[in-house]
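Tertiary structure, described
Below are the chains, spelled out letter by letter.
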There are 2 protein chains.
Amino acid sequence: MKQRLAAIGTVETLPHRVAAFLSREIESGELNPGARLPTEQELSEKFGVSRNVVREAIAQLRADGVIEARQGIGAFVLAPEQRAAIRIDREALKDTHNMERLFELRCILEAESAALAAARRNREHLDSIKAALDRMGGEERWEEGSIDADLLFHREIARATGNNYIHTFISFVCEQIRHSIHYARMTNPLHDLVEINVGEHVRIYDALVAGDPAASEAAMRAHIVGAANRVGVKLPLPKANGAK
Amino acid sequence: MKQRLAAIGTVETLPHRVAAFLSREIESGELNPGARLPTEQELSEKFGVSRNVVREAIAQLRADGVIEARQGIGAFVLAPEQRAAIRIDREALKDTHNMERLFELRCILEAESAALAAARRNREHLDSIKAALDRMGGEERWEEGSIDADLLFHREIARATGNNYIHTFISFVCEQIRHSIHYARMTNPLHDLVEINVGEHVRIYDALVAGDPAASEAAMRAHIVGAANRVGVKLPLPKANGAK
DNA sequence: ATGATACATATCATCCTACAACTACCTTCG
DNA sequence: CGAAGGTAGTTGTAGGATGATATGTATCAT
């Protein structure tokens, strides 16, 4: 858990800061696709860092498909759809509105995945899910261990779909929401009172055991809407009020 | 478009190769979470590259949250759920089975997003979608320009949800599928015969204009299942056969 | 003997210089 | 006027040097 906290409060290394700066310049439109970045030397002078640091920053942007560097010419901004990775800005997570959007995305992903999981889960999957459920029941409050169990519960369900990409995406989104809640709690301690609703989880588990896709989807949807509400986010989903 | 091709056939730079090697070692389980990586010097000797190259590779892995470097100690492998970015291995895209999984994920994302878009789209959104639709209709064959228009069509619908994360995720998944199909076509030229079904797109657009979430979702789902079939992928989705 | 302090070591973080590889542009020569 | 070649600028790679930080060890006072 110390690891986790260390990862959250990551020290801002120099290359990271340079990359974040350039990334925002691109995101905000100051550097349009096709535009050429300043040379590495210019950047190193501008930021007051060595060329090495600039290179590490550029290497990161290039790995993400944000820019393309061509030897002898320079580095150029690529179109947004050419991104090779999805990366979510930590700063943006501090905005409640973005947390709402994340919950919305999560609801879309997890609800239907729950239906898939219900159709494909096997004994081993159910056992893993049950184990996470039991760990969660131990504590009622929104404690670290309880949150871990909660996330594990959702990851295990995602794994039961047998689709590794679904697992990756759901894990990622859940983790981003975790961070977002983490920030919200720091600025507003009231959230400490929030509890994890075990009953909602049990209903999801039961539906998965029964192998009922529709019930699993409905239970998952209700749970995520409930979870969002408990942290102060209202989810205005059309599907939630029965556009079946 | 030349840019696009250049990006696909990206020259493998040394840091990229080192990062890919380490990444696979972690993915395959040879380096478990918590394990310590060799020192930068050891790695530079092992791969026969300068320490600078190793550092750029490590910077990349660290930015993705795959490893965590701690000054004075070393670099350690993090747990998969701590990843800060989603990145899909290009090699894996060459596997047809993975393409099927991607289509499944795409269907989940886009179907429900289409419902959201139907509820929230405004005039400007509809115009953008229509523009993409018109571009697509010009050519019948699966040509580059037509594919671009197709992807743009889907991106514009994702944008109409008003949720930037949904837009990002859908764009990303679509682009991965594009690459996957690209590879499939190289090894199996038969796929050249595949056409884009304009009718399916029109049905989606009409439902969006009508502002009908359920119809939009159904049309989108049917379209993606159809698109998957046309490239030789069968989607066994429970929702597809009426688990409403 | 024990505990605390200081030192040595290992490792990452950053900086610096140099050269190689590549590209665009300009010059020069036929 | 055209083409070959040279030159400057930029990224790619190499290697070493120094600073910052954590770990382990040795020394010393109590």
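If you're wondering where the values come from, they're calculated on a predicted model, not measured in any experiment.

Topic: the packing of aromatic side chains
Under the defined criterion, the tally for this structure stands at five aromatic pairs over all chains. Consider the rings of Phe 172 of chain A and Phe 169 of chain B, whose centres lie 6.4 Å apart with planes at 40°: the pair is tilted. A residue pair is termed interchain when its members come from two chains, as with Phe 172 of chain A in helix H8 (residues 164-187) and Phe 169 of chain B in helix H8 (residues 164-187). Ring pairs connect the aromatic residues Phe 169 and Phe 172 of chain A together with Phe 169 and Phe 172 of chain B, which therefore count as one cluster. Seen from the ring of Tyr 183 of chain A, Lys 94 of chain A lies directly overhead, with NZ or CZ sitting 5.0 Å from the centre.

Thoughts on the packing of helix H2 (residues 14-27) of chain A against helix H3 (residues 40-47) of chain A
Residue and element names in this part refer to chain A. One way to put it is that H2 packs onto H3 with a least axis distance of 12 Å and a crossing angle of 110°. The pairing of H2 with H3 is recorded here as roughly perpendicular in orientation. For the pair formed by H2 and H3, the contact residues are Val 18, Phe 21, Leu 22 and Glu 25 on the first element and Leu 43, Lys 46 and Phe 47 on the second. Split into classes, the residues belonging to the contact of H2 with H3 amount to five nonpolar, no polar and two charged.

Some remarks on the interface of chain A and chain B
Note: interface size is frequently given as the accessible area lost on complex formation between the parts. Every contact between the two is made by 56 residues of chain A and, on the other side, 55 residues of chain B. Summed over both sides, the interface of chain A with chain B buries roughly 5,400 Å², with 56% coming from carbon and sulfur. Linking Arg 55 of chain A and Glu 56 of chain B is a salt bridge whose minimum nitrogen-to-oxygen distance equals 2.9 Å. Taken together, the links from chain A to chain B amount to 16 residue pairs in polar contact (both at pLDDT 80 or more). Sorting the residues of the side of chain A that touches chain B by element identifies helix H1 (2-8), helix H4 (51-63), strand S3 (85-87), helix H5 (96-120), H8 and helix H10 (213-230) of chain A as the ones contributing at least two each. Of all the elements, H5 of chain A adds the most residues to the side of chain A that touches chain B, at 11 residues. Considering only residue class, the side of chain A that touches chain B consists of 24 nonpolar, 13 polar and 19 charged. Here three bridges tie S3 of chain A to strand S3 (residues 85-87) of chain B, and the two strands are oriented antiparallel to one another. When the sheet's bridge partners are listed, Ala 85 of chain A is paired in S3 of chain B with Arg 87 of chain B.

Comments concerning the protein's contact with DNA strand C
Near DNA strand C you find 25 residues, and of these Thr 13 and Ser 50 of chain A together with Arg 51, Arg 55 and Arg 62 of chain B are the closest. At the protein interface, 64% of the atoms of DNA strand C within 4 Å belong to sugar or phosphate. Measuring from a phosphate oxygen of DNA strand C, one finds a backbone N or O atom of Ser 50 of chain A at 2.9 Å. Gly 72 of chain B is positioned with one of its backbone polar atoms (N or O) 3.3 Å from a base oxygen of DNA strand C. Taken together, the elements giving at least two residues each to the surface near DNA strand C come down to H2 and H4 of chain A together with helix H4 (51-63), strand S1 (67-70) and strand S2 (74-77) of chain B.

A closer look at the protein's contact with DNA strand D
DNA strand D sits among 25 residues. The nearest are Arg 51, Arg 55 and Arg 62 of chain A together with Ser 50 and Gln 71 of chain B. Among all atoms of DNA strand D positioned within 4 Å of the protein, those belonging to sugar or phosphate total 66%. Glu 40 of chain A is positioned such that a nitrogen or oxygen atom in its backbone is 3.1 Å from a phosphate oxygen of DNA strand D. Ranked by residues supplied to the surface near DNA strand D, first place goes to H4 of chain A with four residues. Class assignment for the residues of the surface near DNA strand D results in seven nonpolar, 11 polar and seven charged.

About the cut-offs
- Residues numbered from 1 in each chain as written.
- Chains lettered and ligands numbered in written order.
- Predicted model: local features only at pLDDT ≥ 70, side-chain atom pairs only at ≥ 80, totals over all residues.
- Heavy atoms only, no water.
- Phe/Tyr/Trp six-rings, centres within 6.5 Å; stacked < 30°, edge-to-face > 60°.
- Helix = DSSP H or I, 4+ residues; strand = E, 2+ residues; numbered from the N terminus.
- Lys NZ or Arg CZ within 6 Å of the ring centre and 35° of its normal.
- Axes fitted to C-alpha atoms, helices over the stretch in contact; angles between N-to-C directions.
- Parallel < 35°, antiparallel > 145°, perpendicular 65-115°, else oblique.
- Contact = heavy atoms within 4.5 Å.
- Nonpolar A, V, L, I, M, F, W, Y, C, P; charged D, E, K, R; others polar.
- Buried area = accessible area lost by both parts, 1.4 Å probe.
- Salt bridge = Lys/Arg side-chain N within 4 Å of Asp/Glu carboxyl O.
- Polar contact = N/O pair within 3.5 Å; in protein donor to acceptor, adjacent residues only side chain to side chain.
- Pairing = 2+ DSSP bridges.
- Near = heavy atom within 4 Å.

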